Amino acid sequence: MAPTIARTVVDRPAAEGFAYATDPARFHEWQQGLIEGHLDQPGPGEVGTKCVTTRRIGGANRVFTSEFTHIDAPRTWGVRGIDGPVRATVDVTVEPLTETSSRLTIAVDFDGHGIGKLLVPLIVRRQAQKEMPANVEALKRRVEAQQPEHPA
C-alpha cells in the first residue's frame, strides 16, 4: 500500500524547518499520541543512530525504537522502526521555496509483524491518514512560532 503523505509550507528557511521536524525531543510538540522522544546517544544523529519514542496507545505507554536510514540535512531524513508489532518508515523532505520559506513533506508507511499484520490495515493506516494532516499543521505552527535564527 502507498505511504500516507502530508505536506505544508512554512514561513521559515529550510534549515530551520528541517531541524525542528527531525528533532526527536520535539516530536511530542506536534505529533498526536507521542509523549517523548530522544536519540540513544548524545550529539547529532547519523545513519544507524537509534531514535526512541514513547507513544500513548490503547491507554498504555509503548516504547518504540527506530533507526536512522538516511540523513542529508537540511533536505532529507528517514527512519525505520526496528521493534514492535507495527514498524513505521518515515521520510521527511524539506524543499526551499525562497530564502525564508520551505515545503515540508512527511511520508509514513507501516510494516506489520505478528499481530501487527492485522493492525496495520485495520487500524494503523486509517489512524495515520486521520492524524497526519493535523500533525503537519501543528508542525507548521510550531516552526513558525520559533524566533528566527539570526547570524551573530
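Residues numbered from 1 in each chain as written. Predicted model: local features only at pLDDT ≥ 70, side-chain atom pairs only at ≥ 80, totals over all residues. Heavy atoms only, no water.

Sheet architecture is open: seven strands sit in the order E1-E7-E6-E5-E4-E3-E2, paired in antiparallel fashion. Strands with a single pairing partner mark the edges of an open sheet, and in this sheet they are strand E1 (4–10) and strand E2 (34–39). Within the sheet, the average angular offset between the axes of one strand and its neighbour, ignoring direction, is 20°. Pairing of E2 with strand E3 (residues 50–57), which is carried by five bridges, proceeds in the antiparallel orientation. Paired with glutamate 36 across the strands is threonine 54, a residue of E3. Its contacts with the sheet put helix H1 (residues 14–21) on strand E4 (60–72), strand E5 (76–81), strand E6 (86–96) and strand E7 (102–112), and the angle it makes with E6 is roughly 165°. Helix-sheet contacts for helix H3 (residues 116–145) involve E1, E6 and E7, and the interaxial angle to E1 is about 0°. (Pairing = 2+ DSSP bridges. Helix = DSSP H or I, 4+ residues; strand = E, 2+ residues; numbered from the N terminus. Axes fitted to C-alpha atoms, helices over the stretch in contact; angles between N-to-C directions. Contact = heavy atoms within 4.5 Å.)

Under the definition given, this model contains three aromatic pairs. Ring geometry for phenylalanine 27 and tryptophan 77: centres 6.2 Å apart, planes at 75°, overall edge-to-face. Within this pair, whereas phenylalanine 27 is found in helix H2 (residues 27–30), its partner tryptophan 77 is found in strand E5, the two being separated by 50 residues in sequence. A relative accessible area of 6% means that phenylalanine 27 is categorised as buried. You can call tryptophan 77 buried: its relative accessible area is 3%. Summarising the aromatic geometry, the rings of phenylalanine 68 and tryptophan 77 are spaced 5.4 Å apart at their centres and angled 75° between planes, so their arrangement reads as edge-to-face. Put simply, the rings of Phe27, Trp30, Phe68 and Trp77 touch in pairs and so form one group of aromatic residues. (Phe/Tyr/Trp six-rings, centres within 6.5 Å; stacked < 30°, edge-to-face > 60°. Buried < 20%, exposed > 50% of the residue type's maximum accessible area, 1.4 Å probe, protein only.)

Here we take up the layout of surface pockets. The space that makes up the largest pocket amounts to roughly 960 Å³. Lining the largest pocket are 38 residues, and of these Arg55, Ile57, Ala88, Phe110 and Val124 lie nearest its centre. Looking at the lining of the largest pocket, the elements with two or more residues in it are H2, E3, E4, E5, E6, E7 and H3. Examining the composition of the lining of the largest pocket, we find that eight residues originate from one element, H3, more than from any other. Of the residues in the lining of the largest pocket, the class split is 22 nonpolar, ten polar and six charged. (1 Å grid on protein atoms, 1.4 Å probe; cavity = no way out; pocket = protein on both sides within 12 Å on 5 of 7 lines; lining within 4 Å. Points joined across faces, edges and corners; volume = space filled by probe spheres on them. Nonpolar A, V, L, I, M, F, W, Y, C, P; charged D, E, K, R; others polar.)

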